[in-house]
Amino acid sequence: MNQEEQNPLRSKLEKELQESQWLQKFKQLSEGLRQIKAEIPLTQLCTLEWMTDTESLIIHCPNPEVRAGLSQQISQIAQINIGPNLFILKYPNYQDIIIHPNC
């Protein structure tokens, strides 16, 4: 008797989880965050926050220098096709920089 036969409920739940839209969305988001960190290395210094209600990626900059560096890469950020409706660069006491994807 294999493990599937021993615990059919567990196997059924694992199968449902693997096929769930939520898990697929999570995997896509995770891959997108890896992609942006690889293509725009300065984002590795930032905190990235996905806003599900607006489908936006907020990039919290740790200091003004990183914010300035990312603001010079707006066109490259806009080219990244990872799914958000907006990229938003944030740093306290500075105006947010809104980037619309080119997809």
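Residues numbered from 1 in each chain as written. Predicted model: local features only at pLDDT ≥ 70, side-chain atom pairs only at ≥ 80, totals over all residues. Heavy atoms only, no water.

**Student:** Before we move on, can you summarise the sheet that holds strand E3 (residues 86-90) with the specific residues and values?
**Tutor:** Strand order in the open sheet formed by four strands is E1-E2-E3-E4, with mixed pairing between adjacent strands. Across the chains shown, the open sheet's two edge strands, defined by having one partner strand only, are strand E1 (47-51) and strand E4 (97-99). Taken over all neighbouring pairs, the strand axes of this sheet differ in orientation by 20° on average, direction set aside. Bridge analysis of strand E2 (residues 56-60) against E3 gives five bridges, and the strand direction is parallel. Bridge assignment links Ile59 to a residue of E3, and that residue is Leu89. The strands that helix H3 (residues 21-39) touches are E1, E2 and E3; relative to E1, the one it contacts most, it runs at about 145°. (Pairing = 2+ DSSP bridges. Helix = DSSP H or I, 4+ residues; strand = E, 2+ residues; numbered from the N terminus. Axes fitted to C-alpha atoms, helices over the stretch in contact; angles between N-to-C directions. Contact = heavy atoms within 4.5 Å.)

**Student:** Which residues make up unusual backbone geometry, and what values go with them?
**Tutor:** Not every positive phi belongs to a glycine, and Glu55 is a case in point at roughly 55°. A residue is classified by how much of its surface remains accessible, and Glu55, at 23% relative accessible area, is partly exposed. Its identity is not glycine, yet Asn93 carries a phi of approximately 65°, on the positive side. (Buried < 20%, exposed > 50% of the residue type's maximum accessible area, 1.4 Å probe, protein only.)

**Student:** Describe the packing of aromatic side chains, with residues and values.
**Tutor:** Counting across every chain of the model gives one aromatic pair. On the basis of an interplanar angle of 65° and a centroid distance of 5.3 Å, the ring pair of Tyr91 and Tyr94 is categorised as edge-to-face. Tyr94 gets classed as partly exposed once you look at its relative accessible area, which sits at 40%. (Phe/Tyr/Trp six-rings, centres within 6.5 Å; stacked < 30°, edge-to-face > 60°.)

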